[in-house]
Amino acid sequence: MTGRYYEEFEVGETIEHEKRRTVSESDNQAFCDMTMNQQPLHLDADFAGETQFGERLVNGLYTMSLAVGLTIPDTTDGTIVANLSYDNVEHPNPVFHGDTIYARTTVTDKHETSDGERGIVEMHVKAFKVDEDGGGPNGDTLVCEFDRTALSLKRENAE
């Protein structure tokens, strides 16, 4: 268990997640198959080649899910009760097969539940693709950002 208990989150802190993943064609295909999303922009190279992007795009929900997964070890692995919401999701730039994604989380708020037994932690997650020409940190490109709210165990209530 590597996640943090409610008390260990500090409002305003930014967590740089070390895990990264290069997205493969099979990742995108499997995600589209599992979710029954057969959008040709994700799956049909000829169709996508005729769009403004010139090639297939990785499914945006996969990108968001990957960003969540990359953050779990440093945030809520083993200390979460439930994810309560994902809000304000944006995909400002596309992700393509072969792009390497990493994430950064900023804790934006936290408060105890009304019974004081658990804590609610609000986080803003940003996902970047490694790209020397981008405008983000280290020259990387922002590809997804969203707010995540989690119900977290408190250390004194952990078993």
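The notes below deal with the structure included here. Since this is a predicted model, take the numbers as computed values, not measurements.

### A short note on the overall build of the chain
Right, so step 1: For the chain, the helix and strand inventory stands at four helices and five strands.
Right, so step 2: Helices (α) and strands (β) of the chain occur, in sequence order from the N terminus, as β-α-α-α-α-β-β-β-β.
Right, so step 3: When its C-alpha atoms are laid out on the principal axes, the chain stretches across 55 × 35 × 25 Å.
Right, so step 4: Residue burial in the chain is summarised as follows: out of 159 residues, 42% are buried.

### Describing unusual backbone geometry
Right, so step 1: Of note in this structure, Met 36 is not a glycine but carries a positive phi near 60 degrees.
Right, so step 2: Locating Met 36 in the fold gives a position in the loop between α1 (25–35) and α2 (40–43).
Right, so step 3: Judged by relative accessible area, Met 36 falls into the exposed class, the value being 72%.
Right, so step 4: Although it is not a glycine, Asn 88 adopts a positive phi angle of roughly 55 degrees.

### A short note on the sheet that holds strand β3 (residues 100–112)
Right, so step 1: Sheet architecture is open: five strands sit in the order β1-β3-β4-β5-β2, paired in antiparallel fashion. One side of each edge strand has no neighbouring strand; the edge strands of this open sheet are β1 (14–22) and β2 (80–90). On average, each strand axis in the sheet is tilted by 25 degrees relative to the strand beside it, whichever way the strands run.
Right, so step 2: Across 12 bridges, the pairing between strand β4 (residues 118–129) and strand β5 (residues 141–153) is antiparallel. Residue pairing in the sheet places Val 121 in a bridge with Ala 150 of β5.
Right, so step 3: Sitting on the sheet, helix α4 (residues 60–75) touches β1, β2, β3, β4 and β5, and the angle it makes with β1 is about 125 degrees.

Rules used in this analysis
Residues numbered from 1 in each chain as written. Predicted model: local features only at pLDDT ≥ 70, side-chain atom pairs only at ≥ 80, totals over all residues. Heavy atoms only, no water. Helix = DSSP H or I, 4+ residues; strand = E, 2+ residues; numbered from the N terminus. Buried < 20%, exposed > 50% of the residue type's maximum accessible area, 1.4 Å probe, protein only. Pairing = 2+ DSSP bridges. Axes fitted to C-alpha atoms, helices over the stretch in contact; angles between N-to-C directions. Contact = heavy atoms within 4.5 Å.

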